[in-house]
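Report on the structure
For reference, the chains in residue letters:
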Amino acid sequence: MHVILLTILELILVNIFAWLIIHVSISYICLRLPDSFYESKKTGLENKKWELNLYEGLRIRKWKTILPDGGDVFKGGFRKKELKTLSSSYITKFIVETRRAEVTHWLLIPPSILFFLWNPMSIGFFMVGYALIVNLPFILIQRYNRLRLKPLLSKQLKKEQRRGNSIGTFGV
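Residue numbers run consecutively from 1 along every chain, following the written order of its sequence. Residue-level local features of this predicted model are given only where pLDDT is at least 70; pairs of side-chain atoms are given and counted only at 80 or more, and the full residue set underlies all totals for whole chains, interfaces and linings. As a convention, hydrogens and water are excluded, and side-chain values are obtained from all of the structure's heavy atoms.

Re the overall build of the protein chain
Stated formally: Strands here mean DSSP runs of E at least two residues long; helices mean DSSP runs of H or I at least four residues long; both are numbered from the N terminus. Each residue's exposure class comes from its accessible area (1.4 Å probe, protein chains only) as a fraction of the maximum for that residue type: buried when under 20%, exposed when over 50%, partly exposed otherwise. Whether two residues are in contact is decided by their heavy atoms, any of which lying within 4.5 Å being enough. The method behind every accessible area is Shrake-Rupley, applied with a 1.4 Å probe, and residues are considered shielded solely by the protein chains displayed. A residue counts as positive if it is Lys or Arg and as negative if it is Asp or Glu; His and the chain ends are not included. Where a charge sits is defined by one atom per residue type, namely NZ (Lys), CZ (Arg), CG (Asp) or CD (Glu).
Along its length, the protein chain carries six helices and zero strands. Listed N to C, the secondary structure of the protein chain is α-α-α-α-α-α in terms of helices and strands. The C-alpha extent of the protein chain, read off along each of the three principal axes, is 65 × 35 × 30 Å. Within the protein chain, buried positions represent 36% of all 172 residues. Considering only residue pairs separated by 6 or more positions, the protein chain has 76% of its internal contacts joining residues 24 or more positions apart. In the structure as shown, the protein chain presents an accessible area of about 10500 Å², 69% of it carried by carbon and sulfur atoms. Charge-centre separation for the protein chain: the mean point of 26 positive side chains lies 7 Å from the mean point of 12 negative side chains.

Digging into the pattern of salt bridges
Note the cut-off: Any carboxyl oxygen of Asp or Glu within 4 Å of a side-chain nitrogen of Lys or Arg constitutes a salt bridge here.
Scanning the entire structure with this criterion turns up seven salt bridges. A salt bridge links Glu51 to Arg143; the nearest nitrogen and oxygen atoms lie 2.7 Å apart. Separated by 92 residues along the polypeptide, Glu51 in helix 3 (residues 51–57) and Arg143 in helix 6 (residues 121–163) bring together distant segments of the chain. Pair check on accessibility: Glu51 and Arg143 agree, each one buried. In this structure, Arg143 engages Glu102 in a salt bridge whose closest nitrogen and oxygen atoms are separated by 2.9 Å. Note that Arg143 is positioned in helix 6 and Glu102 in helix 5 (residues 88–107), a separation of 41 residues in sequence. Arg143 gets classed as buried once you look at its relative accessible area, which sits at 11%. Classification of Glu102 as buried rests on a relative accessible area of 1%.

Some thoughts on a nonpolar patch on the surface
As a reminder, the rule being used: Each patch is assembled from residues with relative accessible area greater than 30% and no salt bridge, linking like charges that lie within 9 Å and nonpolar side chains (Val, Leu, Ile, Met, Phe, Trp, Tyr) that lie within 5 Å.
A grouping of Val3, Ile4, Leu114 and Leu117 is seen on the molecular surface, where their side chains present a nonpolar patch of about 350 Å² in accessible area. Mapping Ile4 onto the fold places it in the segment before helix 1 (8–32). Of the residues examined, Ile4 reaches a relative accessible area of 40% and is grouped as partly exposed.

Let's talk about the side chain of Thr104
Positionally, Thr104 belongs in helix 5. By relative accessible area, Thr104 is classed as buried at 9%.

Remarks on helix 6
Our working rule: The span expected for a helix works out to 1.5 Å for each residue beyond the first.
Look at helix 6: 62 Å from first C-alpha to last across 43 residues, which is about the 63 Å you get at 1.5 Å a residue. Among the residues trailing helix 6, Gly164 stands out with phi positive, at a value near 80°.

Quick notes on the layout of surface pockets
Defined as follows: Note on definitions: the grid is 1 Å and covers protein atoms alone; a cavity is a set of points where a 1.4 Å probe fits but cannot get out; a pocket is an open set with protein on both sides within 12 Å along at least five of seven lines; lining residues have an atom within 4 Å of a point. Grid points are joined across faces, edges and corners, and a volume is the space filled by probe spheres set on the points. Here the nonpolar group is Ala, Val, Leu, Ile, Met, Phe, Trp, Tyr, Cys and Pro; Asp, Glu, Lys and Arg are the charged ones; every other residue, Gly included, is treated as polar.
One number sums up the size of the largest pocket: a volume of about 680 Å³. If you go around the largest pocket, you meet 30 residues; those closest to its centre are Asp69, Gly70, Gly71, Lys80 and His105. Mapped onto the lining of the largest pocket, the elements with two or more residues apiece are helix 1, helix 5 and helix 6. Taken together, the residues of the lining of the largest pocket break down into 13 nonpolar, eleven polar and six charged.

Considering the packing of helix 5 against helix 6
In plain terms, the rule: Lines fitted to the C-alpha atoms define the axes, with helices restricted to the stretch that makes contact. Angles between their N-to-C directions range from 0 to 180 degrees. When describing relative orientation, an angle under 35 degrees is termed roughly parallel and one over 145 degrees roughly antiparallel, while 65 to 115 degrees is termed roughly perpendicular and anything else oblique. In this scheme, a crossing is called left-handed if the near helix is turned counterclockwise away from the far one by less than a right angle; it is called right-handed if the turn is clockwise.
Where helix 5 contacts helix 6, the two axes come as close as 9 Å, and the packing angle between them is 160°. In terms of axis orientation, helix 5 runs roughly antiparallel to helix 6. The crossing of helix 5 and helix 6 is left-handed.

What follows is the structure, given as structure tokens:
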């Protein structure tokens, strides 16, 4: 049973406003965390070897381009729609940004439980479903991109070392 009683119009407005605040605040906080937070191997975001087959089975490559990229919503954001260059430093940054995006989308799911406070039970469950449906595809895309970028980074680092113009990279 919900704790706060609201009219239908009030529920709609509160739900829209709540999601807006949740999305903007969590996204902004994640953007402002330093890259070093996402560079750590201890983030728990490391890919498993079997994941690539799963993502290819889900045909992520075909549908990922139709989803929006929120990387440039805030100043200082990073667009991840496409690779702009093949330098090892850029690919490394791209990998870090896939981690940032994945963390952001994971953190956007748990606040859906708050909607039970002012919504009927059915709408509360709908909001949890919304959070999952809206965020899981982006999580999968970030993990898929990272799996594809890591071999590319290794190849590019070797190529740059052969050329003697290697640019230092940070923890990938």
